[in-house]
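Architecture at a glance
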Amino acid sequence: MPASTETASFKFNHTMLRIKDPNASLAFYTEVLGMTLLHESNMGDFTLYFLAYEDDNLSPDEKSSSVFGRQGVLELTHNHGTETDPNFQGYASGNSEPGKGFGHIAITVANVEEACARFEKLGVPFKKRLTDGKMRHIAFILDPDG
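**Notes on the overall build of the chain**
In terms of regular secondary structure, the chain is built from three helices and six strands. Going from the N terminus to the C terminus, the chain shows its helices and strands as β-α-β-β-α-β-α-β-β. Overall, the C-alpha framework of the chain stretches about 45 × 40 × 35 Å when taken along its three principal axes. The 146 residues of the chain split such that 28% are buried. Look at the contacts in the chain between residues 6 or more apart in sequence, and 54% of them connect residues 24 or more apart. When the accessible surface of the chain is totalled, it reaches about 9700 Å², and 53% of it is carbon and sulfur.

Right, here's the structure in full:
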């Protein structure tokens, strides 16, 4: 169904993933995947981190204010205490039971073979390598929460 007058201004803004350890997750998304932290918001018992691929020419205030007006934002939500709770079992990844449903987020790269070689060198775990399965043009890597 094509966009109607009522939905013509709708844009996909962001998706949210829960994380156990913000230090590990922020390092993964900024250093491994090259995203920029646009905004951080401590809400008392949880903190929200908004990341995206961003133009480095924006000031910190411009990055922060752009969060809800742009597309392709990843929100990481950290519920305080999970990083040190020895009984915390982690969150459902969506790829296995229980909680199967969510599958992945996709990042486009210029050269998938080079990107995979870099991930391999950095010790990033793979869910699916280029040589696995029928789709030889995509790979799946795991973030710190799996």
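**Here we look at the layout of surface pockets**
By volume, the largest pocket amounts to about 940 Å³. Lining the largest pocket are 34 residues, and of these G103, H104, I105, F140 and I141 sit closest to its centre. Elements with a minimum of two residues in the lining of the largest pocket: strand 1 (14-19), helix 1 (22-32), helix 3 (112-121) and strand 6 (140-141). Among the elements that make up the lining of the largest pocket, the one with the highest residue count is helix 3 (four residues). Class assignment of the residues belonging to the lining of the largest pocket gives a composition of 21 nonpolar, nine polar and four charged. Considering only enclosed or pocket space, the second largest pocket measures out at about 160 Å³ in volume.

**Here we look at the pattern of salt bridges**
Tallied over the full model, the rule gives one salt bridge. With a shortest N-O distance of 2.4 Å, E120 and R129 are connected by a salt bridge. A relative accessible area of 42% places E120 in the partly exposed class. Overall, R129 belongs to the partly exposed group, its relative accessible area being 35%.

**Some remarks on the packing of aromatic side chains**
By the definition in use, this model includes three aromatic pairs. Judged by centre distance (4.9 Å) and plane angle (90°), the ring pair of F28 and Y29 falls under edge-to-face. On the basis of relative accessible area, Y29 is assigned to the buried category, the value being 3%. Between F50 and F68 the ring centres are 5.4 Å apart and the planes differ by 70°, which places this aromatic pair in the edge-to-face class. Here F50 is found in strand 3 (residues 46-52), whereas its partner F68 is found in the loop between helix 2 (60-65) and strand 4 (73-79), with 18 residues between them in sequence. F50 sits in the buried class, given a relative accessible area of 3%.

**So, the nonpolar core**
One finds Y29, L33, L51, L76 and F119 to be the most contacted residues of the largest nonpolar core, which totals 18 residues. When contributions to this core are tallied by element, the ones reaching two or more residues are strand 1, helix 1, strand 3, strand 4 and helix 3. If you tally residues by element for this core, the top one is helix 1, at four residues. Once you skip the residues sitting within four places of it in the chain, F119 turns out to touch V32, L33, V124, F126 and I141. Counting six residues, the second-largest nonpolar core is a separate cluster that includes F50, A52, V67 and V73.

**Things to note about the sheet that holds strand 4**
Picture the strands of a sheet paired through backbone hydrogen bonds; they go either parallel or antiparallel. If you trace the four strands from one edge of the open sheet to the other, you get 1-4-3-2, paired in mixed fashion. Strand pairing shows two members of the sheet lacking a second neighbour, strand 1 and strand 2 (36-42), which therefore form its edges. Ignoring which end each strand starts from, the neighbouring axes of this sheet average 20° apart.

So, how was this worked out
- Residues numbered from 1 in each chain as written.
- Predicted model: local features only at pLDDT ≥ 70, side-chain atom pairs only at ≥ 80, totals over all residues.
- Heavy atoms only, no water.
- Helix = DSSP H or I, 4+ residues; strand = E, 2+ residues; numbered from the N terminus.
- Buried < 20%, exposed > 50% of the residue type's maximum accessible area, 1.4 Å probe, protein only.
- Contact = heavy atoms within 4.5 Å.
- Areas by Shrake-Rupley, 256 points an atom, 1.4 Å probe, with all protein chains shown as cover.
- 1 Å grid on protein atoms, 1.4 Å probe; cavity = no way out; pocket = protein on both sides within 12 Å on 5 of 7 lines; lining within 4 Å.
- Points joined across faces, edges and corners; volume = space filled by probe spheres on them.
- Nonpolar A, V, L, I, M, F, W, Y, C, P; charged D, E, K, R; others polar.
- Salt bridge = Lys/Arg side-chain N within 4 Å of Asp/Glu carboxyl O.
- Phe/Tyr/Trp six-rings, centres within 6.5 Å; stacked < 30°, edge-to-face > 60°.
- Core = buried A, V, L, I, M, F, W, Y, C linked by side-chain atoms within 4.5 Å.
- Pairing = 2+ DSSP bridges.
- Axes fitted to C-alpha atoms, helices over the stretch in contact; angles between N-to-C directions.

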